[in-house]
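Architecture and fold: a report
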Amino acid sequence: MSDDWNDRTRLVHGGIRRSGYGEVSEAIFLTQGFVYDSAEAAAARFEAAGPDEFIYARYGNPTVAMFEDRIAALEGAEAGFATASGMAAVSGALTSMLRAGDHVVSARALFGSCLYILEEVLARFGVEVTFVDGTDLDAWAAAVRPDTRAVFLETVSNPTLEVIDLAGVAEIAHRAGATVVVDNVFATPIFSRALALGADVVVYSATKHIDGQGRALGGVILGTETFVRKTVEPYMKHTGGAMSPFTAWVMLKGMETLDLRVRAQAAGAQTLAEALSGHDKLARTIYPGLPDHPQHALAMAQMGSGGTVLSLDIAGGRAAAFQFLNALKLVTISNNLGDAKSIVTHPATTTHQRLSEEQRAALGIGPGLVRLSVGIEDPRDLLTDVLGALDAV
Ligand SMILES: Cc1ncc(COP(=O)(O)O)c(C=O)c1O
């Protein structure tokens, strides 16, 4: 792989390890283990495996390594560890580095499962977590303490699409010596500049844009060589959250078209948001690419795009939101995002159902809120579908 390659080239050619057969498409090494020429060779590999030597698929595998190298090159990270799902990446990044007595500061607006890890799991193991309004830098500064070991945030947040000032949070965290961990799903690897802005660790659910075709669950933890090899890898390889070689191959194929898909999706989301803004059936159209979004300028500076997801607050609450969902003919009701197919979700009754009504209200997840992940269909067809469904409300 050449250091001079631009992102679209890295997405197609990055990380390739060709076998002796010279295959064009990346090979799937669907094997759990590897044979050794001698007992001495096995002992030597267990003592210190080289960068292209593998022991057991829970530790690493050539197809998985291709995916790790490709996504690390795109993100500008020194190393990556691929995981079985996005949640394995979030929990692995945090639990591999934290211990009882540590303090964590986290943005409050999080995906439900991330909230579960921070609120329930870490607390059970003696890690104290302080939640803040992620958009308020003063709140981060007030919450960070000398024993703060990590800060955690999603930017853009799910599903209220708050954008957090990553450079500002990183500066505050680093003053206290804390590690900045960012769940970057909504920013996507295409619009992300998280590491350049000061993040130390980036996690992705590869299930979203990276696969982008609704086929496989996966995730990845990206960071420095030392963090990935010395902190993440020992934890992940012994706790068993590894990505399967077949999934890695699906993700490699997804990455080839990632830039084309994500840019088309973001352009479609911008078109839809602009056309729907001010619609009389909507209390609010939330999209970071719209000038009336509270962090519009920050979103443009940080990502150069509003992203692939918009949220619509349908006037009339849950009944109106359900009428809208049920009247859509092209956009499908599901709970993934980042897919080539447009997907609509009612967070209050699905992804964020576990929260109390008060918690949802505090996060801005009202009964009329609908999340729309824009796919690669023709935006004109999507707009016709959405406008038709709004008419039915
Ligand atoms: C922001 C965010 N983080 C993490 C996840 C978890 O990813 P996965 O479903 O691949 O475990 C999701 C979605 O499910 C998400 O939206």
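Residues numbered from 1 in each chain as written. Predicted model: local features only at pLDDT ≥ 70, side-chain atom pairs only at ≥ 80, totals over all residues. Heavy atoms only, no water.

Regarding the overall build of the protein chain
Counting secondary structure elements, the protein chain contains 15 helices and 12 strands. Scaling as 2.2 N^0.38, a compact globule of 393 residues should have a C-alpha radius of gyration of about 21 Å, and the protein chain matches this with 21 Å. Considering only C-alpha atoms, the protein chain reaches an extent of 75 × 50 × 35 Å along its principal axes. Classification of the 393 residues of the protein chain by burial places 55% in the buried group. If you take every contact in the protein chain between residues at least 6 apart in sequence, the share linking residues at least 24 apart comes to 73%. (Helix = DSSP H or I, 4+ residues; strand = E, 2+ residues; numbered from the N terminus. Rg over C-alpha atoms; globule rule 2.2 N^0.38 Å. Buried < 20%, exposed > 50% of the residue type's maximum accessible area, 1.4 Å probe, protein only. Contact = heavy atoms within 4.5 Å.)

Some words on the sheet that holds strand β1 (residues 79-83)
Spatially, seven strands are ordered β1-β7-β6-β5-β4-β2-β3 in an open sheet, and the strand pairing comes out mixed. Either end of the sheet is taken by a strand with one partner, and the two such strands are β1 and β3 (128-132). Neighbouring strand axes in the sheet, compared pairwise and without regard to direction, differ in orientation by 20° on average. The sheet contact formed by β1 and strand β7 (residues 219-223) spans five bridges and is antiparallel. Bridge pairing in β7 links glycine 80 to leucine 222. Together, β1, β6 (201-205) and β7 form the strand contacts of helix α3 (residues 62-75), whose direction differs from that of β1 by roughly 130°. (Pairing = 2+ DSSP bridges. Axes fitted to C-alpha atoms, helices over the stretch in contact; angles between N-to-C directions.)

So, the packing of helix α4 (residues 86-97) against helix α9 (residues 225-239)
Contact geometry of α4 with α9 gives a least axis separation of 9 Å together with a crossing angle of 110°. Here α4 lies roughly perpendicular to α9, going by the angle between them. Residues Ala88, Gly92, Ala93, Thr95, Ser96 and Met97 of α4 lie in contact with α9, whose contacting residues are Phe227, Thr231, Val232, Tyr235 and Met236. (Parallel < 35°, antiparallel > 145°, perpendicular 65-115°, else oblique.)

So, the packing of aromatic side chains
Enumeration according to the criterion identifies four aromatic pairs in this entry. Each ring, one from phenylalanine 34 and one from phenylalanine 54, has its centre 5.7 Å from the other, and the planes form 35°; the classification is tilted. Taken together, the residues phenylalanine 34 in the loop between α1 (7-13) and α2 (39-47) and phenylalanine 54 in the loop between α2 and α3 connect sequence positions 20 residues apart. Its relative accessible area of 11% is what places phenylalanine 54 among the buried residues. The ring of tyrosine 59 has lysine 237 sitting right over it, with the charged end atom 4.6 Å from the ring centre. (Phe/Tyr/Trp six-rings, centres within 6.5 Å; stacked < 30°, edge-to-face > 60°. Lys NZ or Arg CZ within 6 Å of the ring centre and 35° of its normal.)

Focus: the packing of α3 against helix α10 (residues 245-256)
Between α3 and α10, the shortest axis-to-axis distance is 8 Å and the interhelical angle comes to 35°. Crossing geometry of α3 relative to α10 is assigned as left-handed. Across the interface between the two elements, Thr63, Val64, Met66, Phe67, Arg70, Ile71 and Leu74 of α3 pack against Pro245, Ala248, Trp249, Met251, Leu252, Met255 and Glu256 of α10. In the contact of α3 with α10, the residues fall into 11 nonpolar, one polar and two charged. (Left-handed = near helix turned anticlockwise from the far one by under 90°. Nonpolar A, V, L, I, M, F, W, Y, C, P; charged D, E, K, R; others polar.)

Describing the sheet that holds strand β10 (residues 332-333)
Strand order in the open sheet formed by five strands is β8-β9-β12-β11-β10, with mixed pairing between adjacent strands. Unpaired on one side and paired on the other, β8 (282-286) and β10 mark the two borders of the sheet. Judged from the five bridges that link them, strand β9 (residues 309-314) and strand β12 (residues 369-373) form a sheet pairing that is antiparallel. Within the sheet, the bridge partner assigned to serine 311 lies in β12 and is arginine 371. Strand contacts of helix α11 (residues 258-276): β8, β9 and β12, with the helix running at about 25° to β9, the strand carrying the most contacts. Against the sheet, helix α13 (residues 317-327) contacts β9, β10, β11 (343-345) and β12, and its axis sits at roughly 130° relative to β9.

What about the layout of surface pockets?
The space that makes up the largest pocket amounts to roughly 600 Å³. In terms of lining, the largest pocket is formed by 27 residues, of which the most central are Gly50, Pro51, Glu53, Arg229 and Glu233. Mapped by element, the contributors of at least two residues to the lining of the largest pocket are α2, α3, β1 and α9. Here the lining of the largest pocket takes five residues from α3, the largest share from any one element. Of the residues contributing to the lining of the largest pocket, the split by class is 12 nonpolar, four polar and 11 charged. The computed volume of the second largest pocket comes to approximately 360 Å³. Along its surface, the second largest pocket is lined by 21 residues, and Met87, Phe111, Asn158, Ser205 and Lys208 are the ones closest to its centre. Mapped by element, the contributors of at least two residues to the lining of the second largest pocket are α4 and β6. The residue inventory of the lining of the second largest pocket, partitioned by class, reads nine nonpolar, eight polar and four charged. (1 Å grid on protein atoms, 1.4 Å probe; cavity = no way out; pocket = protein on both sides within 12 Å on 5 of 7 lines; lining within 4 Å. Points joined across faces, edges and corners; volume = space filled by probe spheres on them.)

So, the domain arrangement of the protein chain
On domain assignment, one finds that the protein chain holds domain 1 (7-256) and domain 2 (258-391). Each of domain 1 and domain 2 has a C-alpha centre, and the two are 27 Å apart. If you look at the interface, domain 1 gives 44 residues, while domain 2 gives 41 residues. Taken together, the two surfaces of domain 1 and domain 2 that pack against each other cover about 3,300 Å², and 62% of this comes from carbon and sulfur. At the boundary of domain 1 and domain 2, one finds one salt bridge. In this structure, arginine 354 and glutamate 120 form a salt bridge, with 4.0 Å as the shortest nitrogen-oxygen distance. The element that contributes the greatest number of residues to the side of domain 1 that touches domain 2 is helix α5 (residues 112-124), accounting for five residues. Here the residues of the side of domain 1 that touches domain 2 are counted per class, giving 22 nonpolar, 12 polar and 10 charged. (Domains from an automatic or database assignment. Buried area = accessible area lost by both parts, 1.4 Å probe. Salt bridge = Lys/Arg side-chain N within 4 Å of Asp/Glu carboxyl O.)

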